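# Observations on the three-dimensional arrangement
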Amino acid sequence: EIQYKVTDAVDGYDTTGGARNAQGAYDLTNTFRQEYTSVSGKKVWVDGSSDVRPASVTVALLADGVEVDRQTISAVEGSSEWAFTFGVSDGSAALPNYSAYNTAIAYTVREAAPDGALVELPEGSVTYTVGDSTLTYDVTYGDNYTITNTKPQDYSDVTINKVWKDGSNAAG
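## Considering the nonpolar core
- Within the largest apolar cluster, 23 residues are counted, with the highest numbers of intra-cluster contacts made by Phe86 and Val109.
- Where this core is concerned, the elements lending two or more residues are β4 (39-46), β5 (57-63), β7 (82-86), β11 (107-112), β12 (124-130) and β13 (133-142).
- Setting aside chain neighbours within four positions, we find valine 109 in contact with Val39, Val59, Ala60, Leu61, Phe84, Phe86, Tyr141, Tyr145 and Ile147.

What follows is the structure in structure tokens.
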């Protein structure tokens, strides 16, 4: 008897089976070959290099708008840079690029306020208490997973008294 084996090559899929089953048919299974990624970004402070900042902040990772992970981050030791990375396991990327429905997953990041609520788009603000100081920052999200906290300019009312020294408007 001649033995046959059926093969199938589909880009992006692993194929198993191909031998004749008990009913005489040839079964093939194509399994999607998942690709993986990671998400790295940074936290930028626009506050005139203030010495009064929170010791840490929480950053959330969202996949297609649904929160999937959180990280507490702080300044990188010996630097003023704040950075985060999601989805690395044993040195390899571990976040799936595609959903169970084979559609690309859109990853985004959001800052979490101290109460745990996410600071949403298009822009929001977050308030931190550091010692005796209450700090409010405007939060924006940029390209390459950058989260920027900008300290709004402080303005105060000033009273100005204007005195005219022109001989009681003699020149008209």
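## Here's the deal with the packing of aromatic side chains
- Per the counting criterion, the structure on display carries five aromatic pairs.
- Taking 5.4 Å as the distance between ring centres and 90° as the angle between the ring planes, the aromatic pair formed by phenylalanine 32 and tyrosine 98 counts as edge-to-face. Taken together, the residues span a long stretch of sequence, with phenylalanine 32 in strand β2 (residues 26-32) and tyrosine 98 in the loop between β10 (95-96) and β11 at a distance of 66 residues.
- A ring pair is formed by tryptophan 45 and tryptophan 82, whose centres lie 5.2 Å apart and whose planes are at 65°; its orientation type is edge-to-face. Here tryptophan 82 lies in strand β7 and tryptophan 45 lies in strand β4, a separation of 37 residues in the sequence. Side by side, tryptophan 45 and tryptophan 82 carry an identical accessibility label, which is buried.
- One aromatic cluster is present, built from ring pairs that chain together Tyr13, Phe32 and Tyr98.
- A cation over an aromatic ring shows up here: lysine 43 above the ring of tryptophan 45, its NZ or CZ 4.8 Å from the ring centre.
- In this arrangement the basic side chain of arginine 110 is found over the ring face of tyrosine 141, its NZ or CZ atom lying 4.5 Å from the centre.

## A word on the pattern of salt bridges
- Following the criterion strictly, the structure yields four salt bridges and no others.
- Lysine 43 is the partner of glutamate 111 in a salt bridge, and the nearest nitrogen-oxygen pair spans 2.4 Å. Taken together, the residues span a long stretch of sequence, with glutamate 111 in strand β11 and lysine 43 in strand β4 at a distance of 68 residues.
- A residue is classified by how much of its surface remains accessible, and glutamate 111, at 0% relative accessible area, is buried.

## Considering the environment of valine 66
- Among the structural elements, valine 66 can be located in strand β6 (residues 66-73).
- Overall, valine 66 belongs to the exposed group, its relative accessible area being 53%.
- The spatial distance from the C-alpha of valine 66 to the C-alpha of alanine 117 is 13 Å, given a sequence separation of 51 residues.

## Brief notes about the sheet that holds β6
- Pairing in this open sheet of three strands is antiparallel, and the strands run β6-β5-β11 from one edge to the other. Edge positions in the open sheet fall to β6 and β11, since each of these has one partner strand only. Going across the sheet, the axis of each strand differs from the next one's by a mean of 25°, ignoring polarity.
- Examined bridge by bridge, β5 and β11 share six bridges and lie antiparallel to one another. Bridge pairing links threonine 58 to alanine 112 in β11.

Conventions adopted
Residues numbered from 1 in each chain as written. Predicted model: local features only at pLDDT ≥ 70, side-chain atom pairs only at ≥ 80, totals over all residues. Heavy atoms only, no water. Core = buried A, V, L, I, M, F, W, Y, C linked by side-chain atoms within 4.5 Å. Buried < 20%, exposed > 50% of the residue type's maximum accessible area, 1.4 Å probe, protein only. Helix = DSSP H or I, 4+ residues; strand = E, 2+ residues; numbered from the N terminus. Contact = heavy atoms within 4.5 Å. Phe/Tyr/Trp six-rings, centres within 6.5 Å; stacked < 30°, edge-to-face > 60°. Lys NZ or Arg CZ within 6 Å of the ring centre and 35° of its normal. Salt bridge = Lys/Arg side-chain N within 4 Å of Asp/Glu carboxyl O. Pairing = 2+ DSSP bridges. Axes fitted to C-alpha atoms, helices over the stretch in contact; angles between N-to-C directions.

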